[in-house]
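The chain contents come next:
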Amino acid sequence: EAGVTQSPTHLIKTRGQQATLRCSPISGHTSVYWYQQALGLGLQFLLWYDEGEERNRGNFPPRFSGRQFPNYSSELNVNALELEDSALYLCASSLGDASPKGEQYFGPGTRLTVT
Amino acid sequence: GQSLEQPSEVTAVEGAIVQINCTYQTSGFYGLSWYQQHDGGAPTFLSYNALDGLEETGRFSSFLSRSDSYGYLLLQELQMKDSASYFCAVSRGSQGNLIFGKGTKLSVKP
């Protein structure tokens, strides 16, 4: 069974540009979560999508947005990039309501570098 | 607000036992999870405790005390491949997302 996949692996952008990151969940998983992992700061929750709807968002500005498609894949958009947006962006998936609350499966991440 | 505290670094020798503690402060606590992340890799799920007590999975065990807002991950018979960062994470009520601690970097020495 294929795991969570993310693309691209690396992304280099200039301050002020927009970045789009993509995620495909494990087959059968309906929930997708996005986390930001900056150096030394652990994982910070960004967004949670389930069944195509945004269910919750973390303490990030509105320029961080996303969506979930009918096939449950998801994309994260970051507008007006700032230097401090440089981080590893991790996508995770779970079975949604059917899943034990604490069990999520992570993709390998997209390393975003803003120069 | 929500917060989780865990040691930043732990060092142990191969074959030993190590315990990584996690204390949390959060509203609507539902359960405590543990994740392992090797350098350059993705976090992988290790265990989840929703009820008080010890859960054992092979060499790894996880404990939760809801009354003390405390949990720990116990790693036995340490191997070099266990060198990684370990994160505790809290799940809350109907919120699907996890709140992660800053991680504990475990170094296993020969």
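Residues numbered from 1 in each chain as written. Chains lettered and ligands numbered in written order. Predicted model: local features only at pLDDT ≥ 70, side-chain atom pairs only at ≥ 80, totals over all residues. Heavy atoms only, no water.

## Overview of the state of the cysteines
- Counted under the stated rule, the structure contains two disulfides over all chains.
- Each disulfide pairs two cysteine sulfurs, and for Cys23(A) the partner residue is Cys91(A), the sulfurs being separated by 1.8 Å. Handedness of the Cys23(A)-Cys91(A) disulfide follows from its S-S torsion of about -60°: it is left-handed. You can see Cys23(A) sitting in strand S3 (residues 19-24) and its partner Cys91(A) sitting in strand S9 (residues 87-94), a full 68 residues away along the chain. Of the two residues, Cys23(A) and Cys91(A), neither departs from the other in class, the shared state being buried.
- The disulfide partner of Cys22(B) is Cys88(B), and the gap between their sulfur atoms is 2.2 Å. In this structure the cystine formed by Cys22(B) and Cys88(B) twists about its S-S bond by roughly 75°; its chirality is therefore right-handed. On the criterion of sequence distance, the pair formed by Cys22(B) in strand S3 (residues 18-25) and Cys88(B) in strand S9 (residues 84-92) is long-range, its members being 66 residues apart.
- Taking the relative accessible area as the measure of exposure, Cys22(B) reaches 0% and is therefore buried.
- Using a relative accessible area of 0% as the deciding quantity, one classes Cys88(B) as buried. (Disulfide = S-S within 2.5 Å. Helix = DSSP H or I, 4+ residues; strand = E, 2+ residues; numbered from the N terminus. Buried < 20%, exposed > 50% of the residue type's maximum accessible area, 1.4 Å probe, protein only.)

## A short note on the nonpolar core
- With 23 residues, the main nonpolar core has Leu4(B), Leu32(B), Trp34(B), Leu75(B), Tyr86(B) and Leu106(B) as its most contacted residues.
- Those elements giving two or more residues to this core turn out to be strand S2 (9-13), S3, strand S4 (29-37), strand S7 (60-65), strand S8 (70-75), S9 and strand S11 (104-109) of chain B. (Core = buried A, V, L, I, M, F, W, Y, C linked by side-chain atoms within 4.5 Å.)

## Quick word on the pattern of salt bridges
All names here are of chain A.
- Per the stated rule, a full pass over the model turns up six salt bridges over all chains.
- Arg55 is the salt-bridge partner of Asp50, the closest N and O atoms lying 3.8 Å from each other.
- Among the residues examined, Asp50 registers a relative accessible area of 7% and is labelled buried. (Salt bridge = Lys/Arg side-chain N within 4 Å of Asp/Glu carboxyl O.)

## Considerations on the packing of aromatic side chains
- Here the structure, examined in full by the defined rule, presents 14 aromatic pairs over all chains.
- Taking the centre distance of 6.2 Å and the plane angle of 75° together, the rings of Phe106(A) and Phe100(B) count as edge-to-face. Note that Phe106(A) is positioned in strand S10 (residues 105-106) and Phe100(B) in strand S10 (residues 95-100), a pairing that runs across two chains. Here Phe106(A) and Phe100(B) have matching classes, each one buried.
- In this structure an aromatic cluster arises from ring pairing among Tyr35(A), Phe45(A), Phe106(A), Tyr35(B), Phe45(B), Phe87(B) and Phe100(B). (Phe/Tyr/Trp six-rings, centres within 6.5 Å; stacked < 30°, edge-to-face > 60°.)

## Section: the confidence of the model for chain B
- The predicted model of chain B has a mean per-residue pLDDT of 94, with 98% of residues at 70 or higher.
- Averaged pLDDT values for the elements of chain B fall to 84 in S10(B) and rise to 98 in S8(B). (pLDDT = per-residue confidence, 0-100.)

## Here we look at the sheet that holds S8(B)
Residues and elements named next belong to chain B.
- If you walk across this open sheet you meet the five strands as S1-S3-S8-S7-S6, and the pairing is antiparallel. In this open sheet, the two edge strands, each paired with only one partner strand, are strand S1 (3-5) and strand S6 (53-57). Taken pair by pair, the neighbouring strands of this sheet meet at an average axis angle of 15°, ignoring direction.
- Sheet analysis places S7 next to S8, joined by six bridges and oriented antiparallel. (Pairing = 2+ DSSP bridges. Axes fitted to C-alpha atoms, helices over the stretch in contact; angles between N-to-C directions.)

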